[in-house]
Structure formats: structure tokens, C-alpha cells
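Letter by letter, the chains look like this.
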Amino acid sequence: MGTSEAVLQFVYGAGHHIFSSHPCFSYSDLKFPFKLRVKCKRSRALGSMQMVKCSGVQQICTRIHCFNGLGHVSVLGSAAANRVKLLGCKCEQAESVSDMTTEDGNAKWLMNGTNTLDANGAVKMPHILKFEEDVQHSKEENDGLTSNGTVRQQKESLMTNGVVGTSRDTTGKVHVDSIEDEAWDLLRDSVVYYCGSPVGTIAANDPTSSNVLNYDQVFIRDFIPSGIAFLLKGEYDIVRNFLLHTLQLQSWEKTMDCHSPGQGLMPTSFKVRTVPQDVDPSATEEVLDPDFGEAAIGRVAPVDSGLWWIILLRAYGKGSGDLSVQERIDVQTGIKMILKLCLADGFDMFPTLLVTDGSCMIDRRMGIHGHPLEIQALFYSALLCAREMLAPEDGSADLIRALNNRLVALSFHIREYYWIDLRKLNEIYRYKTEEYSYDAVNKFNIYPDQISPWLVEWMPNQGGFLIGNLQPAHMDFRFFSLGNIWSAVSGLATIDQSHAILDLIEAKWADLVADMPLKICYPALEGQEWQIITGSDPKNTPWSYHNGGSWPTLLWQLTVASIKMSRPDIATRAVKVAEKHISRDKWPEYYDTKKGRFIGKQARLFQTWSIAGYLVAKLLLADPYAAKMLITEEDSELVNAFSCMISANPRRKRGRKNLKETYIV
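Residues numbered from 1 in each chain as written. Predicted model: local features only at pLDDT ≥ 70, side-chain atom pairs only at ≥ 80, totals over all residues. Heavy atoms only, no water.

The name recorded for the chain in an unreviewed UniProt entry is Alkaline/neutral invertase, from Rhizophora mucronata. Under the UniProt heading Sequence similarities (unreviewed entry), the note attached to the chain is "Belongs to the glycosyl hydrolase 100 family." Here the chain is described in UniProt, under the heading Function (unreviewed entry), as follows: "Invertase that cleaves sucrose into glucose and fructose." (UniProt positions renumbered as here; feature names shortened; annotations may be inferred.)

**What about the overall build of the chain?**
Assigned secondary structure in the chain consists of 22 helices and 17 strands. Here the chain, with 665 residues, has 55% of them falling under the buried criterion. Here the chain has roughly 29700 Å² of accessible surface; of this, 52% comes from carbon and sulfur atoms. (Helix = DSSP H or I, 4+ residues; strand = E, 2+ residues; numbered from the N terminus. Buried < 20%, exposed > 50% of the residue type's maximum accessible area, 1.4 Å probe, protein only. Areas by Shrake-Rupley, 256 points an atom, 1.4 Å probe, with all protein chains shown as cover.)

**Quick word on the packing of helix H10 (residues 329–342) against helix H12 (residues 397–417)**
Axis separation between H10 and H12 bottoms out at 11 Å; the angle between their running directions is 50 degrees. As judged from the angle between their axes, H10 and H12 are oblique. Seen from above, H10 lies across H12 with left-handed handedness. Contacts between H10 and H12 involve Lys336, Leu339, Lys340 and Cys342 from the former and Leu399, Leu403 and Arg406 from the latter. Along the lines of polarity and charge, the residues of the contact of H10 with H12 split into four nonpolar, no polar and three charged. (Axes fitted to C-alpha atoms, helices over the stretch in contact; angles between N-to-C directions. Parallel < 35°, antiparallel > 145°, perpendicular 65-115°, else oblique. Left-handed = near helix turned anticlockwise from the far one by under 90°. Contact = heavy atoms within 4.5 Å. Nonpolar A, V, L, I, M, F, W, Y, C, P; charged D, E, K, R; others polar.)

**Overview of the confidence of the model for the chain**
Per-residue confidence for the chain averages 78 on the pLDDT scale, and 68% of its residues sit at or above 70. Under a pLDDT of 50 for its full length, residues 1–39 has, in the predicted model, 138 contacts with residues more than four places off or in other chains. A low-confidence stretch, residues 41–173 stays under pLDDT 50, and its non-local contacts, those more than four residues away or across chains, total 231 contacts. (pLDDT = per-residue confidence, 0-100.)

**Examining unusual backbone geometry**
For the peptide bond that leads from Pro517 to Leu518, omega is 5 degrees, which places it in the cis range. Of note, Leu518 is situated in the loop between helix H17 (509–512) and strand S15 (521–522). The linkage connecting Tyr522 with the following residue, Pro523, adopts the cis geometry, with an omega of -5 degrees. We note that Trp543 has phi near 65 degrees; this positive angle belongs to a residue other than glycine. Position of Trp543 relative to the elements: it lies in the loop between helix H18 (527–534) and helix H19 (555–564). Judged by its relative accessible area of 8%, Trp543 is buried.

**A look at the environment of Pro276**
By the secondary structure assignment, Pro276 is in strand S8 (residues 269–276). Residue class for Pro276 comes out exposed when judged on its relative accessible area of 52%. Setting aside chain neighbours within four positions, we find Pro276 in contact with Pro281, Ala283, Thr284 and Glu285.

**Re helix H21 (residues 608–622)**
The end-to-end C-alpha separation of H21 is 21 Å, in line with the 21 Å expected for 15 residues at 1.5 Å each. Buried within H21 we find Thr608, Trp609, Ser610, Ile611, Ala612, Gly613, Tyr614, Leu615, Val616, Ala617, Leu619 and Leu620. (Expected span 1.5 Å × (residues − 1).)

**Re the packing of aromatic side chains**
On inspection of all chains with the given rule, the structure shows 19 aromatic pairs. On the basis of an interplanar angle of 55 degrees and a centroid distance of 6.1 Å, the ring pair of Trp184 and Phe230 is categorised as tilted. In this pair, Trp184 sits in helix H5 (residues 176–189) while Phe230 sits in helix H6 (residues 220–232), placing the two residues 46 residues apart along the sequence. Among the residues examined, Trp184 registers a relative accessible area of 7% and is labelled buried. Under the relative-accessibility criterion, Phe230 is labelled buried at 2%. Ring geometry for Trp458 versus Phe465: centroids 6.2 Å apart, planes at 75 degrees, classification edge-to-face. The buried category is assigned to Trp458, whose relative accessible area is 5%. (Phe/Tyr/Trp six-rings, centres within 6.5 Å; stacked < 30°, edge-to-face > 60°.)

Structure follows, in C-alpha cells:
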């Protein structure tokens, strides 16, 4: 058999699912002087696939490409090979193409599960299967039509009336099943493919918007509800592909104005671009193009991307039962790189992460720089998830020790100093200032005049919440929904505090939920405060976007918290509010006004995480046990350590207490 035929048989046969994975790439502590592009080459007529394997002698990566009727093996030149060598190839070394099989540990994840055979017993390619499915789907639609096109007429009628995907009976009641079906259709339409396999979902698919900006990219944080929806539906491939392809991007060079951040940084988003090949302009290649903040508005690096990635990785293992992904060497290395970046020593005296403004879901200037609650809740959750997934080995001992110390210190700090209820508010109101002592009550020198009149009137008798930020002489008393809800989900808040957060949401339903769940923060910045803090941001005007806007995607986080606290009725009630008009409004990104009555003035329609957030909420309410993949619980050691710290708190008792372990608060 000739070389071309051998390569074609391998690619179309057992190895058809191995493409563009770079499974041999791992990470070193070196700063990469080049930007490696993950590619999948293809011709005009046929999608191609790429495999990277390291030669056992020279460690030169060999790329195998499949074209329409032709197969060839291309070996990187010595200069390129030297650059690739910096990545530290750790896959099994093979002397020939035949040594690579589907049992290879680093290639195993690329199996897309599409082992469909044709009449001759040959493996069907993904694009062929997709074509056949489209033909069959079209045939079924045509068969379903009556002679006068009734189905099509009904569909066009619904679109004309602005209720695509929904139907109403004579009483005007919306059929929920139709909303869910529409949501699934829209979610699947948003899927992005790379080399023939799904790797994520775009941020929005709004046909009414002429200015796409970066809404056609796959955002890490935006994909989380999409990924969870697919996990709950039993569609695991897209989540696995997303996790591993974004992991590859973690090792890219990240430079802005000659400065490079830590290697553990995950991208904000990535885009699949099709570009002409350098060698053969008649053919094209697909390239993953990540954005680490170099192109983002404000040029802010995404602190939350790596934290969400770890949370989704754990959810994938629990939801699919496939633990082989998190056990991979490159995945273990990726987890450690994120942890080392987050746990690095600095000048800060607090265990909370110090970040700039706009480094999370609120990605514009909103006065959250410092130690915002959202980042701390995700940080705590990611630490617990990482500890659960890290393989026990000698090289991880110091990292796990630092992780445990940080968990205890972080939980103590947030529970003790961020919590506020009516009693605590009264205590702050009576604070003395300028205290210089180890047993000071007002440790952060908070001035009582910072308490806004709205908070005194707004705080219910039953309930409380974690404030948005804490710094010397500054407490941000705004209620931030995601930070509080995820604190309950992750266990950062105590059981009593978690119930109190849900109590407050119920007590202030008219403010936080109203006509569309859920306010991203409350209240909005207005007047001179808005001008100073946001810089007169025209997008974050009062009660719009991040400044008090209502975000339907937060439904899924609220649902997880409600299920964990055995209060699913809260989520059920919120979902019913959303179902009244979210489909009719074409799934906006956010809503404006105090009550969330208007579609946001700059909101994208058919926003993917609004769609996915609704689906996850519905799926979890139908199967509450599935929420276990997202919920983290404290272990007994952490609880005991926290109790020791409470009893040793200088505010209650001066002097040191002999402890088995010392935790820095």
C-alpha cells in the first residue's frame, strides 16, 4: 500500500477523530517568544483533520493532513521544530504513523462518539453525517406538511406575531414546551465547529444587529450555562472539546505593550477563523484565535475565565462520569498553572483576590476594583473543585497545602467581614474610628457615614447578604446577585447565611426580580455617583446593563442555590416570571428600568447565555439531583479549622492559641 493510501486509511479509519489536538503539548515555565497557532487544514471540498505526534528521535512534530483524494505527511522545519520543542512534548513517542492508535491516552478525548458505519462498514465522517441528517430532517419536514402547507403557515404566523417557538391556547396562556423546544433549537444553532467538531457556542446570534463586535466569539464565561445544558442533556462531546481546546490556548503568548501576564491566564474568548494556507492559497485552514484582553474594551484580563474553567471541568466529570479528562497530565498541569497564578504571593494583607475593575461578568468600569465578591465566590469554588480533582503526588503537596490554607482564610474573611444584616448594620452604624490596636472592632476603619439611607430602609428584618467589596475605609454596600448566589452554591457562605440570602431575595422580590429576573446588582449608581464611578459610561446608565440591569442568564445560578438550600420554589417562581415574555422578546441579553420592563437599549437579541440559563433552570428543576455536579460542600477539616480561627480571633480574645496549623487571616 502506498504512503498516500496508508495515510488515508488511517485518517478515515480508526484515527478519524484525531484532529488538531496537539495532545503532545504540555506547559513549561518558559515565556514563549512566539504565538503558536492551533490549525486544522482543509481543502475547499472536504474538511480536513490534523494530528500532531512527536518523533522518538528528533522530537519534531509531524502533521498529517487529509485532502480530497490525497494524503501527505509534512514535517516541520528545524526552526519551527525548535520552537515547538519549547512546549515540552510529553506524549508517547512513536517511530511511525502506525504506532498511533485510538487507545493513545492523549488522543482518547478527541473521539467524538460518532462511530457510525455505512453499508460497507466504513466509518462515516462527521460532515457526511451532518449532511445526511440535514437531508433527513428536510425530508421529515416536507412529509409533515399538509397539501396546503399548514405547518409552514402556522410557523410564519407565529413569527409574524413575535412569538417564535411559542404557542397560545384560547386563554392566551403560553405553552412552555414550545418555549423549551425553541430554546434548544436556538442553542444548537449557536454551536461553533472547529475541524468538524463542536467546541463552544457564540455569545449571540442577533440577525438585527449590523455591528457584531465580539459577539460572534466563544466566551469562556458565556459558555458555562451552555456547557451545563449540554451535560444535562447527555451531550458530552462539546463540553470535552471546549475544555481541552481552551486548555491549549492557555499556553499561548499573551503580550500587550511588551508585557506578558502569568501563563495560567485563560482567554476571555476565542474565534474560529478560516484563512488561506501559506503554501497553497487555493486551500484554507481553520485557526483558533484567542483574546486574553488585548482586544477587549478597556484591555482588561479575564480573572474569572480560569475559575469558571475549573468549575466546568469538575461538572463535566460528575455529569458524564468520564474522569479521564481531569486525570490527563496536561489537564492536571493546566489546573496547577491557574492555581499558582491565583495563589501567588503579593503585597495584599487579605486572602481575597485583588483584581482590577471589569475583570469578571461586570466587564466595564463599575467601581468593583479591589476585592469584588463575585471573584471571591468563584475563587473559593474553584479551589474546592481543584482540590477534589488534583492527583495526589509529591509535586502537588506544597500546592495543596497552600490551597487548604487559603480556603480556610478566605472563608473566614468573607463570612466575618463581608456579611451584613440588620444587626450588623446597626453595629457598623455605631463604629468608632481611628482605632489602633490588635483587638480593634472597626478593623478596616469604616466610617459610619458610608451607610447610605437607601440601605437603612431597604434591609429587611429577616435576611441579609454579602456586601460587594471590602477595602480599607471602604465597604461597597450594593447587593451583587452572582456573588451572593454563588457563595451559597459553593459553601463560601454558611448555611444560615445562605438561607438569609434567599430570604432577602424573597423579601425584595419586587426590586430584584420584578418583571424579569434577575438584577445584576442593586441599587443602580445615579447622578454624581454614576458620573464619578463609571466615568459617565453611556452604556451603564442607571438601571441599564451592569448598572442595575436585569439579566435572564442569572436564572440558572439562582436555581442551583435554591435547590441546594431545598427551596426550589424560589427558582420555579422566577422561571415562571421569565417565561411570560422572554421568548416573545427574542431572548435579550438584558433588560432595563427598575422593574426590568424594557428590553435593554443596547441588548443583543438571541443571546446564547440567556437561552442556556433558562434551559439549565428548567432541566435542574425537573431533575434536582443533577445540581450535585455544581454544588460544593465543606469537609469536616475545613469546618474544624474555621471554628478554631473563630475562637482564636483577636477581636474576641487577645493572645495566641496553640493550634496544630496556623492560618493567615
